[in-house]
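Coordinate analysis (summary)
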Amino acid sequence: GGIAGFGGIAGFGGIAGFGGGSGNDDADAFAGADLLGMALGRGDGPGGGDLDEFVHCEVFYDGTAKAAEAGEAVPYLRARLCEAFELLEDDLKQYLWHRDPFNLEIVLGDDATTSRGDAGEPHLVGHLRTGDGAEDEWFVIHLLRRLTAVQPGAACRVVDADGELLLIEAALATPRWLSPENAENRCWIRGGAVHLLQKPRPPEPQRLGRAEALARLRKAGAETKAKDKVQAAISARLSGFPRSAVELSTHVARAVLPVPVARALLAYPQLVAVALDHLPPPPARELQRLRNQLTQQEASVRFDCLEGEGSPSAETVCAGVRMTRLQYARLRGLRCQLGQRFTAKLWRQPPGASIEDKAMQLGQSLCAGLEVAYLQGTSSATATLSWPAPEALLPEVVPWFADAAFARHSAGASSSSSVPPSLAARRAFAQQSGLDEPFRAALGRVWQSEALQTAVDLTAHWRDRSDAEEWLEVSAEDLDRDMAARQAEFDAFDRKRGVAPAKGADKATPNGEGSADDVKKDMASMGSELSALLSKASGFGGVDVGDAAATTPAPAGAGAAGAPTTAGRGGVASDDDTD
C-alpha cells in the first residue's frame, strides 16, 4: 500500500529515462535505481543483493549403490532423470522461474562431504538462484513431493540460503531439540512426506553425516515420518499448488521488439530473467569497450533498431511476452536511463501500426538488458537456452538411448535407434547439456538457427492488450490482515507454552493495531534513539555506540531464565520434545 501497489511509482511514462530518456552512448547510462529492489532491501546495480538467494536440492535413489558396483551409476541416474521428467513434465512446462530455470545434473561424488566422512553416493543435484522469487523454492518442494510419492526409492534434501527450508517453515511444529547445530541431514522428503530422523543420543555427535542419515532413513521406513502437524504446516504452504504458483508465474505484456529479439524471447521465455538481471545497465563507456571486442560475426547480433530500412533486424513487431508477475513488477518499478539506441526517438513502430508507449518502453528495456548480458557473456545465462518453449527446438536425438546400460535401467527406453525418445527424455537431456558453452556463442547460435525462424509464429503471439494488472494493487488492509493472521499463530503458540504475550499486546485495538498514543510514543522514542545515534562518532568500524548497548533496556522476556529456545525463520520452536 505504501508503494502504491507499484502502479503508483509514476508508471512507465513517468519514470525519467525509462526507455524515454535523452541519454547517449557517450554518457554514463547507469543513472537510475530498481525501486522494487530497494523496497525489498537489495542494493543497486544489476541483480542487486539477491544473487545469494538460492534453493539447493539433492535426490538420492536406493538402487544407485548397486548400479555403481556394476559401474553403471551414470546410466542408472540418467534413466531416473528421464523418469522424473516424464512425471513432472506438465508442471515444468507451465511454470516460469524468476531467475534460474530448474536443472538437475548427475554428481558422482562430493569431495567436500567425503572429507567429512560421507560416502559421496552418486545422486542428482539441482541448484538455482531464486532472487526475490521465493515461490520458486516452494515449487521445487512441490516437484520433489510429487517425485518421491511416485518413486518410493527416492529421498530428497532441500536447503536454501537460510538453511533447512522445511524446518524453518514448520518451526512451530518441529521438535524442540532441533537446532541449526544438529538439523543437517535430519530432514528429508520421502514417499511424498517429510521425514525427521531421531535426535542424537549421547555419545553420538550432534552432526549427522549424510551417508549415515541415508542408511537410517532407508532402514526405518515409515517410522521416521514426521508427525501430522509438521506435514500440515508444509501442506498449508503448498496449498493450491501448482495452480497458484503457475498463476504467479504468468503475466503476458505487450512489447515492441526487433523481430529476432521477439523470436528469441517467445522461444525462450527465461531470457526475460536474463534481461532483468542486467538492468540498470553499466556505464555506456564500459558497454562500448565490450562492443569493440566483438568479432564481425558476433557484432551481427543486434538488439536495437539501427540497421537500414528493410533489413530483418530493423523491423519490429508487437508481441505478448510472458514473464512472472514479480518480473513485471520489477520492470514497472525500474528507474534508469538507457542508452540512446534504446530510447523512443530511435525505437521503431511495427509496420502499419501505432502501439502505445508502454509497450514500446517495455521492449526497449528488455532489449537493453539482453544486450548487456550478451556483451558481458554472462555464463549463468546459458542455462536459459536449455528450456525452449516450442517442442521443435528440443534435440531430436538423445545419445543416452544408444547406451545398452541405460536401456536396462529404463523401463521405456530401447537401445534400438528406431525407437524415438519421448518428449520428456529430450527435455531431460537438453536441460543439462551444453551448460558450459559461453552465453555469447550459445545465443549467437540460436539467433541464426533456421529452426527458430520456423518454430515461432509471430502472428500467433499478437495480443490486443496486456494482461490485467489489478494484482499490482495491494491495499494496506490486505497486508494488515495477512500479518495479523501470522501473528495469531505465534500468539497461540505462546499461550500454549505459557509464555507472556508480546509487550503492548494487551493494549492492542480490535483491529490488531496499537492505540494512537502508543504509536506516537513509540515513534518519539525511535526518533530520540536515531538522533542519539547520529550524534555519535563514526569510524571504519562503524558508529561508536559506547555503553549504549549496556544502558538500553532489554525487551521483556529476552534472555530470561527458562526462555524457550528459538530457531528458524519463524523464530520459535515446537513444544514437542519427544520426537
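Residues numbered from 1 in each chain as written. Predicted model: local features only at pLDDT ≥ 70, side-chain atom pairs only at ≥ 80, totals over all residues. Heavy atoms only, no water.

What follows covers the side chain of His251. Mapped onto the elements, His251 comes out in strand S9 (residues 251-258). A polar side-chain atom of His251 sits 3.5 Å from a polar atom in the side chain of Trp471. Residues contacting His251, with those up to four places away along its chain left out, are Val321, Arg322, Met323, Thr324, Arg325, Tyr328, Asp467, Ala468, Glu469 and Trp471. (Helix = DSSP H or I, 4+ residues; strand = E, 2+ residues; numbered from the N terminus. Polar contact = N/O pair within 3.5 Å; in protein donor to acceptor, adjacent residues only side chain to side chain. Contact = heavy atoms within 4.5 Å.)

Bringing the packing of helix H5 (residues 134-150) against helix H8 (residues 228-237) into the picture now. Following both chains from N to C, one finds H5 and H8 inclined at 120 degrees, their axes separated by 10 Å at the closest point. Compared by their axis directions, H5 and H8 come out oblique. Seen along the crossing, H5 lies across H8 with a hand that is left-handed. Together, Glu135, Trp138 and Arg145 of H5 and Ile234, Ser235 and Arg237 of H8 make up the contact between the two elements. Considering only residue class, the contact of H5 with H8 consists of two nonpolar, one polar and three charged. (Axes fitted to C-alpha atoms, helices over the stretch in contact; angles between N-to-C directions. Parallel < 35°, antiparallel > 145°, perpendicular 65-115°, else oblique. Left-handed = near helix turned anticlockwise from the far one by under 90°. Nonpolar A, V, L, I, M, F, W, Y, C, P; charged D, E, K, R; others polar.)

This next bit is on the pairing of strand S7 (residues 187-190). Where burial is concerned, the two faces of S7 agree: the one with Cys187 and Ile189 and the one with Trp188 and Arg190 are both buried. The pairing of strand S5 (residues 154-160) with S7 spans two bridges and is classified as antiparallel. Following the sheet pairing, Ala155 is matched in S7 by Arg190. Where S7 and strand S8 (residues 193-196) come together, four bridges link them in antiparallel fashion. Bridge pairing in S8 places Arg190 opposite Ala193. (Buried < 20%, exposed > 50% of the residue type's maximum accessible area, 1.4 Å probe, protein only. Pairing = 2+ DSSP bridges.)

Before going further, it helps to spend a moment on a nonpolar patch on the surface. A surface patch of nonpolar side chains, amounting to about 390 Å² of accessible area, comprises Met523, Met526, Leu530 and Leu533. When you line up the elements, Leu530 lands in helix H21 (residues 516-534). (Patch = residues over 30% accessible without salt bridge, like charges linked within 9 Å, V, L, I, M, F, W, Y side chains within 5 Å. Areas by Shrake-Rupley, 256 points an atom, 1.4 Å probe, with all protein chains shown as cover. Salt bridge = Lys/Arg side-chain N within 4 Å of Asp/Glu carboxyl O.)

In this section: the packing of helix H3 (residues 73-94) against helix H17 (residues 423-430). Each pair of packed helices can be described by the angle between their axes along with the distance between the axes. In the contact formed by H3 and H17, the axes pass within 8 Å of each other and the chain directions differ by 95 degrees. In terms of orientation, H3 and H17 fall into the roughly perpendicular class. Residues Leu81, Cys82, Phe85, Glu86, Glu89 and Lys93 of H3 form the contact with H17, whose own contacting residues are Leu423, Ala424, Ala425, Arg427 and Ala428. In terms of residue class, the contact of H3 with H17 is made up of seven nonpolar, no polar and four charged.

In this section: the packing of aromatic side chains. Applying the stated criterion across every chain, the model contains 14 aromatic pairs. Considering the side-chain rings of Trp97 and Phe102, the 5.8 Å spacing of their centres and the 15 degrees angle between planes classify their relative orientation as stacked. For the pair shown, Trp97 and Phe102 are each scored as buried. Arranged with centres 6.3 Å apart and planes meeting at 35 degrees, the rings of Phe139 and Phe241 form a pair that is tilted. Separated by 102 residues along the polypeptide, Phe139 in helix H5 and Phe241 in the loop between H8 and helix H9 (243-248) bring together distant segments of the chain. Taking relative accessible area as the criterion, Phe241 reaches 13% and is therefore assigned buried. (Phe/Tyr/Trp six-rings, centres within 6.5 Å; stacked < 30°, edge-to-face > 60°.)

With that settled, consider the nonpolar core. Formed by 61 residues in total, the largest nonpolar core has its most connected members in Leu257, Leu271, Phe303 and Leu366. Elements with a contribution of two residues or more to this core: S9, helix H10 (259-267), helix H11 (271-277), helix H12 (284-292), strand S10 (316-323), helix H14 (325-332), helix H15 (357-376) and helix H18 (439-447). By residue number, the principal contributor to this core is H15, which donates eleven residues. Of all hydrophobic cores here, the second largest spans 58 residues; its members include Cys82, Ala84, Val158 and Leu178. (Core = buried A, V, L, I, M, F, W, Y, C linked by side-chain atoms within 4.5 Å.)

Per-chain confidence: the protein chain averages 81 in pLDDT, with 77% of residues scoring 70 or above. Contacts of residues 40-50 to residues separated by more than four positions or lying in other chains number 25 contacts, the stretch itself having pLDDT below 50. Segment residues 308-312 is flagged for pLDDT under 50; beyond a separation of four residues in sequence, or across chains, it makes five contacts in the model. (pLDDT = per-residue confidence, 0-100.)

Our next topic: helix H20 (residues 476-497). Here H20 spans 32 Å end to end across 22 residues, near enough to the 32 Å set by a 1.5 Å rise per residue. Phi turns positive one or two residues past the end of H20, at Gly498, with a value near 80 degrees. (Expected span 1.5 Å × (residues − 1).)

Attention now goes to unusual backbone geometry. Here the bond from Pro202 into Pro203 is cis, since omega is 5 degrees, no more than 30 degrees from zero. Along the chain, Pro203 turns up in the loop between S8 and helix H7 (210-220). Geometrically, the link from Leu279 to Pro280 is a cis peptide bond, its omega value of -5 degrees lying close to zero. Structurally, Pro280 is set in the loop between H11 and H12. Unusually for a residue other than glycine, Asn185 sits at a positive phi of about 65 degrees. Residue position: Asn185 is located in the loop between helix H6 (165-169) and S7. Using a relative accessible area of 2% as the deciding quantity, one classes Asn185 as buried.

This paragraph deals with the pattern of salt bridges. Scanning the entire structure with this criterion turns up 32 salt bridges. Residue Arg99 is joined to Asp277 by a salt bridge in which the shortest nitrogen-to-oxygen separation is 2.5 Å. Taken together, the residues span a long stretch of sequence, with Arg99 in the loop between H3 and strand S3 (105-107) and Asp277 in helix H11 at a distance of 178 residues. Taking relative accessible area as the criterion, Arg99 reaches 3% and is therefore assigned buried. The buried category is assigned to Asp277, whose relative accessible area is 14%. Note that Arg291 and Glu371 form a salt bridge whose closest N and O atoms lie 3.3 Å from each other. With Arg291 in helix H12 and Glu371 in helix H15, this residue pair connects regions lying 80 residues apart in the sequence. Ionic contacts of the salt-bridge type, sharing partners, join the residues Arg291, Arg302, Asp304, Arg341 and Glu371 into one network.

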